[in-house]
Amino acid sequence: MKEENIIKPNNKEVVIGTIAAVFIALGLLLYALYEPQRIDNAQKEQLSMDLRDAMVTFAKNCTLCHGMAGEGIGSNPPLNTPALRESDSSALTKTISRGLFKTAMPAWSKEDGGPLSDYQIGQLVRLIRFGDWQETKQVVAELGLTPLTPFAAVVDPKIIEELKRLEGGDVLAKGVTLFAEKCVACHGADGLGTALAPALNDPKVREKPVDDIKRTLLLGKPGTLMAGWENILSSEQSDALIRLIKEWDRVPAGSIPIPQSPIVVTKELLAKGEKLYAANCSQCHGPDGQGRGRRIPSLNVKGFLTKTNDAALEQIITLGVPETPMPAWGDRMTKEEIQSIVGFIRSWEPTAPEMAEPVRGGPRGRGGPP
Ligand code: HEC
Ligand code: HEC
Ligand code: HEC
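Below is a summary of the structure that appears in this document. (Residues numbered from 1 in each chain as written. Chains lettered and ligands numbered in written order. Predicted model: local features only at pLDDT ≥ 70, side-chain atom pairs only at ≥ 80, totals over all residues. Heavy atoms only, no water.)

Overview of the overall build of the protein chain
For the protein chain, the helix and strand inventory stands at 18 helices and zero strands. For the protein chain, the residues scored as buried account for 36% of the 370 residues in total. By sequence separation, contacts in the protein chain at least 24 residues apart represent 64% of the contacts at least 6 residues apart. (Helix = DSSP H or I, 4+ residues; strand = E, 2+ residues; numbered from the N terminus. Buried < 20%, exposed > 50% of the residue type's maximum accessible area, 1.4 Å probe, protein only. Contact = heavy atoms within 4.5 Å.)

What follows is the structure in structure tokens.
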């Protein structure tokens, strides 16, 4: 009989076959269901890698003007705004690639003479739209790229008064004030230059024709940090700056100081500073900076902390106080270690007492509050 030739599966085989088919179907279904999530995870991973790269690019190129956390510095606008988060990515790409003509915002794409590839610019756009600015701030601090100088310095009003007494001094004084406000962060104290930009207070620049200096100032130098200032400065202001550059030898040295630079403190830095302080300073200055009577000054006291800025603290600790027991730490600690101690000492300021209550006992004695 024909029917007998057909191999009939027994019941067991049917069950196993069915179960197997069901498993395969389920597997396929699950695969199909989780596929979008898999892609999603891969995309998320790519995004977080891009964001991390972007934070480093930002630290190296943008922090100087837009701040460590995109908060903006001086007249440079913030990038951490809700409006920019929602803005169109092609518009952002264009702004960053080409810069903003006749403003301090330089062009960044290689095509426009800048240092960044299109891929890096794409990453920056993602940072502005999706990134975490607090994390960016950490990255900037870890890389040691905290802007060394805020954008503006303050000129002593007495110096301005003195300048005004010179012949043509009004214009010179205006130039000095503007330079301290807008140029000192790059061109340095007294215009003597920094790692970022050349000296302007220099005979070689002084000898250049006014028209050359003016062209650079107003139109910038494409592909460098020197932006065009035409839209920012009035013609009276740019004339005052050019006068300053041409006549800098008439301005007394020290007129335009290095701006104060507060040390940016992260949790890690603070913890490090606390440890270093306990190991190296507390035996003299007391565990909480109380000092030890007349011999060793207290550090944790309002008067001292308000009058001593971070740069000054860093300098005292680095150089020590010659011919006193206060050692110079510069040759046994790194700059970063010293800054961490400054950050730790600074953290006392909000709760510092008006009057110190010194610890008793000699430097290496047991001390402890009375
Ligand atoms: C030398 C200072 C400077 C540097 C460095 C700088 N910018 Fe700018 N940026 C500016 C200024 C100034 C403006 C505002 C220009 C205007 O509209 O007047 C600006 C504007 C922008 C804007 C537009 C903001 C808005 O609200 O529309 C974006 C985006 C931007 N910058 C991104 C960047 C990125 C990314 C970097 C680093 C690759 C960078 N900038 C580096 C000065 C700077
Ligand atoms: C963000 C940094 C930055 C700021 C802010 C800045 N400059 Fe510059 N400036 C530069 C750099 C970098 C150069 C060198 C460009 C080059 O490589 O040719 C330069 C060059 C110049 C030059 C040409 C010097 C020469 O040797 O011929 C002049 C003039 C000048 N800047 C004036 C100013 C003035 C005035 C201001 C303030 C309104 C200012 N700059 C603000 C970065 C800056
Ligand atoms: C051997 C004892 C000793 C040690 C250790 C020591 N100091 Fe001092 N420190 C002094 C003395 C003494 C002075 C006062 C010097 C003077 O007469 O002006 C001083 C002054 C200072 C001042 C200036 C205070 C003021 O009122 O002007 C600072 C800031 C300071 N020390 C920080 C530190 C830090 C931070 C450490 C640890 C890295 C440290 N010191 C370690 C003895 C010490």
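Overview of helix 9 (residues 169-182)
For helix 9, with 14 residues, the first-to-last C-alpha span of 20 Å sits near the 20 Å given by 1.5 Å per residue. Buried within helix 9 are the following residues: G169, L172, A173, G175, V176, L178, F179, A180 and K182. (Expected span 1.5 Å × (residues − 1).)

Side note on a nonpolar patch on the surface
A cluster of nonpolar side chains, V22, L26, L29, L30, L33 and Y34, forms an exposed patch at the surface whose accessible area comes to about 580 Å². Summarising the element assignment, Y34 is placed in helix 2 (residues 11-61). (Patch = residues over 30% accessible without salt bridge, like charges linked within 9 Å, V, L, I, M, F, W, Y side chains within 5 Å. Areas by Shrake-Rupley, 256 points an atom, 1.4 Å probe, with all protein chains shown as cover. Salt bridge = Lys/Arg side-chain N within 4 Å of Asp/Glu carboxyl O.)

Section: the nonpolar core
Counting 27 residues, the largest nonpolar core has V176, F179, L241, W248, V251 and I256 as its most contacted members. Elements with a minimum of two residues in this core: helix 8 (157-165), helix 9, helix 12 (210-219) and helix 13 (235-246). A per-element tally of this core places helix 9 first, with six residues. Apart from the residues lying within four places of it in its own chain, the contact partners of V176 are V155, I160, L163, L244, V251 and I256. A69, M105, W108 and L116 belong to the second-largest nonpolar core, a separate cluster that totals 19 residues. (Core = buried A, V, L, I, M, F, W, Y, C linked by side-chain atoms within 4.5 Å.)

Concerning the coordination of the iron atom of ligand 3
At the metal site, the iron atom of ligand 3 is ligated by H285 (NE2) and M326 (SD), and these contacts range over 2.0 to 2.1 Å. The site at the iron atom of ligand 3 holds six donor atoms, and with the angles between them running 88 to 178°, its shape is octahedral. Remark: M326 occurs in the loop between helix 17 (310-319) and helix 18 (335-346) and H285 occurs in helix 15 (residues 282-285); sequence separation between them is 41 residues. (Donors = N, O, S within 2.8 Å, 3.2 Å for Na, K, Ca; no water. Tetrahedral: all angles 85-135°; square planar, octahedral: opposite > 155°, others 65-115°.)

Some points on the side chain of R206
When you line up the elements, R206 lands in helix 11 (residues 203-206). Buried charge without a salt bridge: R206, with D249 as the nearest opposite-charge side chain at an N-O distance of 4.0 Å. With sequence-adjacent residues up to four places away left out, R206 is seen in contact with N201, I245, K246, W248 and D249. (Lys, Arg positive; Asp, Glu negative; His and termini not counted.)

What about the site of ligand 2?
Near ligand 2 lie 21 residues; those nearest to it are C183, C186, H187, K208 and M226. The separation between a nitrogen atom of ligand 2 and a polar side-chain atom of H187 is 2.8 Å. K208 is positioned such that a nitrogen or oxygen atom in its side chain is 2.8 Å from an oxygen atom of ligand 2. Listed by contribution, the elements that provide at least two residues to the shell around ligand 2 are helix 10 (184-187), helix 12 and helix 13. With three residues, the top contributor of residues to the shell around ligand 2 is helix 12. Taken together, the residues that form the shell around ligand 2 break down as 15 nonpolar, three polar and three charged. (Near = heavy atom within 4 Å. Polar contact = N/O pair within 3.5 Å; in protein donor to acceptor, adjacent residues only side chain to side chain. Nonpolar A, V, L, I, M, F, W, Y, C, P; charged D, E, K, R; others polar.)

So, the site of ligand 1
Lining the immediate environment of ligand 1, one finds 20 residues, of which C62, C65, H66, N76 and M105 sit closest. Broken down by secondary-structure element, the contributors of at least two residues to the shell around ligand 1 are helix 3 (63-66) and helix 5 (89-98). In terms of residues, the shell around ligand 1 owes the most to one element, helix 5, which gives three residues. Residues that form the shell around ligand 1 fall into these classes: 15 nonpolar, five polar and no charged.

Examining the packing of helix 8 against helix 9
It is at 6 Å that the axes of helix 8 and helix 9 come closest, and there the two elements cross at 150°. Taken as axis vectors, helix 8 and helix 9 run roughly antiparallel relative to one another. For helix 8 against helix 9, the interelement crossing comes out right-handed. Contact with helix 8, carried on its side by I160, L163 and K164, involves G169, D170, A173, V176 and T177 of helix 9 and no other residues of that element. (Axes fitted to C-alpha atoms, helices over the stretch in contact; angles between N-to-C directions. Parallel < 35°, antiparallel > 145°, perpendicular 65-115°, else oblique. Left-handed = near helix turned anticlockwise from the far one by under 90°.)

Some remarks on the side chain of T136
Following the sequence through the fold, T136 ends up in helix 7 (residues 133-142). Residue T136 is classed as buried on the basis of its relative accessible area of 0%. If we ignore the near neighbours within four places in the chain, the residues touching T136 are M55, F58, M68 and L127.

Some thoughts on the pattern of salt bridges
A side chain of one charge can pair with a side chain of the opposite charge when the charged atoms of the two come close. The full count for this structure, using the stated rule, is ten salt bridges. For E314, the salt bridge is made with K335, and the minimal N-O distance between the two is 3.1 Å. Of this pair, E314 sits in helix 17 while K335 sits in helix 18, and the two are 21 residues apart along the sequence. Two residues, E349 and R346, come together in a salt bridge whose shortest N-O distance is 2.8 Å. On the accessibility criterion, E349 (22% relative accessible area) is partly exposed.

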